[in-house]
Amino acid sequence: MATYLGVDLGATTIRAVVGDRAGRIAGSHRARTPTTTGVAVTEAVLDAVRAACADADVAPAAVVAAGVGAAGPLDPGVGAVVEPPNLPSVDHVPLVGPLETLCSTGRITLHNDATAAAVGERFFGDGGENLVYLTISTGIGAGAVVDDNVLSGWDGNAAEVGHITVDPESRRSCGCGGTGHWEAYCSGANVPDYARDLHAGETTTLPLDDPDLDAAAVFDAAGTGDTFAASVVDRVARWNAIGVATVVHAYAPRTVVVGGGVARNHPDRVLDPVRERLPDLVVTNVPELRLTRFGAEAVVRGALASAITGGTGER
Ligand SMILES: [Zn+2]
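We now turn to the structure provided with this report. The structure displayed is predicted, hence computed values, not measured ones. (Residues numbered from 1 in each chain as written. Predicted model: local features only at pLDDT ≥ 70, side-chain atom pairs only at ≥ 80, totals over all residues. Heavy atoms only, no water.)

1. Details of the overall build of the chain
Summing up its helical and strand segments, the chain has 10 helices and 13 strands in all. Seen along its three principal axes, the alpha-carbon backbone of the chain occupies a region of about 60 × 45 × 35 Å. Buried positions account for 54% of the 315 residues belonging to the chain. In the chain, of all internal contacts separated by at least 6 residues, the share reaching a separation of at least 24 is 62%. Of the roughly 13,200 Å² of accessible surface on the chain, 49% is carried by carbon and sulfur atoms. Counting 22 positive and 38 negative side-chain charges, the chain places the centres of these two groups 5 Å from one another. (Helix = DSSP H or I, 4+ residues; strand = E, 2+ residues; numbered from the N terminus. Buried < 20%, exposed > 50% of the residue type's maximum accessible area, 1.4 Å probe, protein only. Contact = heavy atoms within 4.5 Å. Areas by Shrake-Rupley, 256 points an atom, 1.4 Å probe, with all protein chains shown as cover. Lys, Arg positive; Asp, Glu negative; His and termini not counted. Charge placed at Lys NZ, Arg CZ, Asp CG, Glu CD.)

2. A look at the packing of helix H1 (residues 38-56) against helix H2 (residues 96-103)
Between H1 and H2, whose axes approach to 10 Å, the crossing angle comes to 30°. Taken as axis vectors, H1 and H2 run roughly parallel relative to one another. Judged by the twist between their axes, the crossing of H1 over H2 is right-handed. Along its contact with H1, which presents Thr42, Leu46, Val49 and Arg50, the element H2 presents Pro98, Leu99, Leu102 and Cys103. (Axes fitted to C-alpha atoms, helices over the stretch in contact; angles between N-to-C directions. Parallel < 35°, antiparallel > 145°, perpendicular 65-115°, else oblique. Left-handed = near helix turned anticlockwise from the far one by under 90°.)

3. Overview of empty space enclosed by the protein
Scanning the model with the defined rule gives one cavity of 30 Å³ or more in all. Reported here for the largest cavity is a volume of approximately 30 Å³. As for the largest cavity, its lining consists of Leu134, Ile136, Val244, Val258, Val270, Leu271, Val274 and Leu289. Of all elements in the fold, only strand E9 (131-136) and helix H9 (267-281) reach the threshold of two or more residues within the lining of the largest cavity. Looking at which element gives the most residues to the lining of the largest cavity, the answer is H9, with three residues. Grouping the constituent residues of the lining of the largest cavity by class yields eight nonpolar, no polar and no charged. (1 Å grid on protein atoms, 1.4 Å probe; cavity = no way out; pocket = protein on both sides within 12 Å on 5 of 7 lines; lining within 4 Å. Points joined across faces, edges and corners; volume = space filled by probe spheres on them. Nonpolar A, V, L, I, M, F, W, Y, C, P; charged D, E, K, R; others polar.)

4. Things to note about the nonpolar core
With 48 residues, the main nonpolar core has Leu134, Val161 and Trp182 as its most contacted residues. Sort the elements by how many residues they give to this core and helix H7 (residues 227-251) lands first, with 12 residues. In this view, leucine 134 contacts Ile140, Gly141, Ala142, Val161, Trp182, Val244, Val256, Val257, Val258 and Gly259; residues no more than four positions away in its chain are not counted. (Core = buried A, V, L, I, M, F, W, Y, C linked by side-chain atoms within 4.5 Å.)

5. Things to note about the coordination of the zinc ion
Coordination of the zinc ion by the protein involves His163 (ND1), Cys174 (SG), Cys176 (SG) and His181 (ND1), with metal-donor separations of 2.0 to 2.3 Å. Each of the four donor atoms around the zinc ion contributes to a set of angles spanning 99 to 116°, which defines the coordination as tetrahedral. Ordering the donors of the zinc ion by residue number gives the pattern H-x10-C-x1-C-x4-H. Of this pair, histidine 163 sits in the loop between strand E11 (149-150) and helix H4 (182-186) while cysteine 174 sits in the loop between E11 and H4; the two residues are 11 residues apart in sequence, bridging distant segments of the chain. Relative accessible area serves as the criterion here: at 28%, histidine 163 is assigned to the partly exposed category. Its relative accessible area of 7% is what places cysteine 174 among the buried residues. (Donors = N, O, S within 2.8 Å, 3.2 Å for Na, K, Ca; no water. Tetrahedral: all angles 85-135°; square planar, octahedral: opposite > 155°, others 65-115°.)

6. Looking at the packing of aromatic side chains
Under the defined criterion, the tally for this structure stands at four aromatic pairs. By the ring-pair criterion, three or more aromatic residues cluster together here, those being Phe123, Phe124 and Phe294. The aromatic ring of tryptophan 239 is capped on one face by arginine 238, whose charged end is 4.9 Å from the ring centroid. (Phe/Tyr/Trp six-rings, centres within 6.5 Å; stacked < 30°, edge-to-face > 60°. Lys NZ or Arg CZ within 6 Å of the ring centre and 35° of its normal.)

Structure follows, in structure tokens:
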């Protein structure tokens, strides 16, 4: 059996899977992402690969090809993640070189995480030749397959849609340093702060002063009759709909597949209102909008598909 490797390097979790050419998974491993140094992150990735290989009872050197989906930004020239905003003390995470050495193969593909997931939706799913994978998670990002081509961009950073300006009037600042960006309103990291911004003394069950308030609590409260929380969720839906409509106008997908913790945990409050608004916002064809079937495994499955197909997702 030819052995393929997929790796998802996220801001909080590293996942590695080993599988065959058909994408059947023989072994896997999951670990926390170190927040200390780039070298520590690289070592943790290599450890996760060794553990996934051990789980599948194969040697790392038996791996024919590997795919990596990583939270960007990427430098594909050197095969590394550079200055990831979600890991502030980490400057440079070499990935391709160390994996080439461990796995004794030159066949390594590196995509940003959402692009890897798009490759997976194409290979494993029924997303077809025109699809966008949208992640609404700690941040917001996308991967696009257009006319059967996986869009990477010359620098590997295509479809960084979280930094689309949805609100030019806004003073809400984004982790990237810009203002009015989609992510600054709707990502998991920003929804709690956005709720604090909007609060003007209304009665609410939300502990707005609690620094540990998270997006899930805001969405949960909206379902329990908290009218302030419901109004925040409605504002978030409005920005999400503008963002998705922009993505549709840019890439003309037949399907927008959505993943990421924020969307997965509350699909009814995140996706349903966007689906309702899209026909009013999109002047071209309105795509199907649905949740990924692969849950938290969407990126690592995509990385495996990328390894199997050399980054194309073609079956
Ligand atoms: Zn931004």
